[in-house]
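Survey of secondary and tertiary structure
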Amino acid sequence: MAVTSKVVITYFLWIFASAAWAEDATLLNEQQENQVINLAYTNMLATIEKLNKKIDKCEKLERETILDPELLRPLPLTDQQFRMVLVYFRSLAEEKCHGAELWAKAFMKFAQFKYIEKYYKGKNLIKTEYNLEVICCIASQSRLESELKYREIPSKIRDALEKIPGLKKPFNLFDAIEKMGL
């Protein structure tokens, strides 16, 4: 009974809050709508700037980190599997370095801005230099494909790979591939 009462009270409070918000939303003039859009745009840009700074730091770490190919050579993998393993672990290390939460926040702020602009203007008018939808989907697809291929490697070899410290931090992928003669 107490749970039902709480649900009913919450429901009525939500309806009241929604009605009050809807009434306030209709009171915005064009200048205020533009201010809301600009605030969303500014918030998006600030978040993307934080992400860009983090990416720059991670790229610096990547350039400074040299992966010793001799740690991988004893493993019974084909050249194609070695390349895939390097791509997979680089992706994991990059994701960890950048912070998945920061990426998620950037995607959210971008989507919020696009939604708010379309809500008030009827369409998206402000051109951004970012196409986060594409970045999101291409990175996710590539990451999932490499993870799927990685899972095909026998578990004993995956266990050995996961114990290599150099694979857990950002590393220069192209340098590693070149050093391994792949």
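Check the entry above for the structure.
What comes next concerns the included structure. (Residues numbered from 1 in each chain as written. Predicted model: local features only at pLDDT ≥ 70, side-chain atom pairs only at ≥ 80, totals over all residues. Heavy atoms only, no water.)

All right, on to the nonpolar core then. By size, the foremost hydrophobic cluster in this structure holds 21 residues, and its most contacted members are L72, L86, L161 and L167. At the level of elements, α3 (79-98), α6 (155-162) and α7 (173-179) are the ones that each hand at least two residues to this core. Among the elements that line this core, the one with the most residues is α3, at six residues. Those residues in contact with L86 that lie beyond four places of it in its chain are L67, L72, L167, F171, L173, A176, I177, M180 and L182. Core analysis: the second largest hydrophobic core is formed by 10 residues, M44, I55, L102 and F113 among them. (Core = buried A, V, L, I, M, F, W, Y, C linked by side-chain atoms within 4.5 Å. Buried < 20%, exposed > 50% of the residue type's maximum accessible area, 1.4 Å probe, protein only. Helix = DSSP H or I, 4+ residues; strand = E, 2+ residues; numbered from the N terminus. Contact = heavy atoms within 4.5 Å.)

Note that R143 resides in helix α5 (residues 132-151). Classification of R143 as buried rests on a relative accessible area of 15%.

To continue, consider the state of the cysteines. Per the counting criterion, the structure on display carries one disulfide. One disulfide in the model links C58 with C97; its S-S distance is 2.0 Å. Disulfide C58-C97: the torsion about the S-S bond is -100°, which places it as left-handed. Taken together, the residues C58 in helix α2 (residues 30-64) and C97 in helix α3 connect sequence positions 39 residues apart. There is no split in this pair, since C58 and C97 are both buried. (Disulfide = S-S within 2.5 Å.)

Quick look at α3 now. Compared with an ideal rise of 1.5 Å per residue, which puts 20 residues at 28 Å, α3 spans 28 Å between its outermost C-alpha atoms and is within 8% of the ideal. Restricting attention to buried positions, one finds in α3 the residues F82, M84, V85, L86, Y88, F89, R90, S91, A93, C97 and H98. Among the residues trailing α3, G99 stands out with phi positive, at a value near 95°. (Expected span 1.5 Å × (residues − 1).)

Right, let's get into the packing of aromatic side chains. Any aromatic ring pair is given by two values, namely how distant the centres are and how the planes are angled relative to each other. The final tally for this structure, using the stated rule, is seven aromatic pairs. Ring centres 4.3 Å apart and planes at 15° place the aromatic pair Y88 and Y150 in the stacked group. With Y88 in helix α3 and Y150 in helix α5, this residue pair connects regions lying 62 residues apart in the sequence. Y88 sits in the buried class, given a relative accessible area of 9%. Both rings, one in W103 and one in F107, keep their centres 5.5 Å apart while their planes meet at 35°; by these two values the pair is tilted. Placement of both W103 and F107 in helix α4 (residues 100-121) is noted, with a separation of four residues, approximately one turn of the helix. (Phe/Tyr/Trp six-rings, centres within 6.5 Å; stacked < 30°, edge-to-face > 60°.)

Any functional reading would require information beyond the geometric quantities listed.
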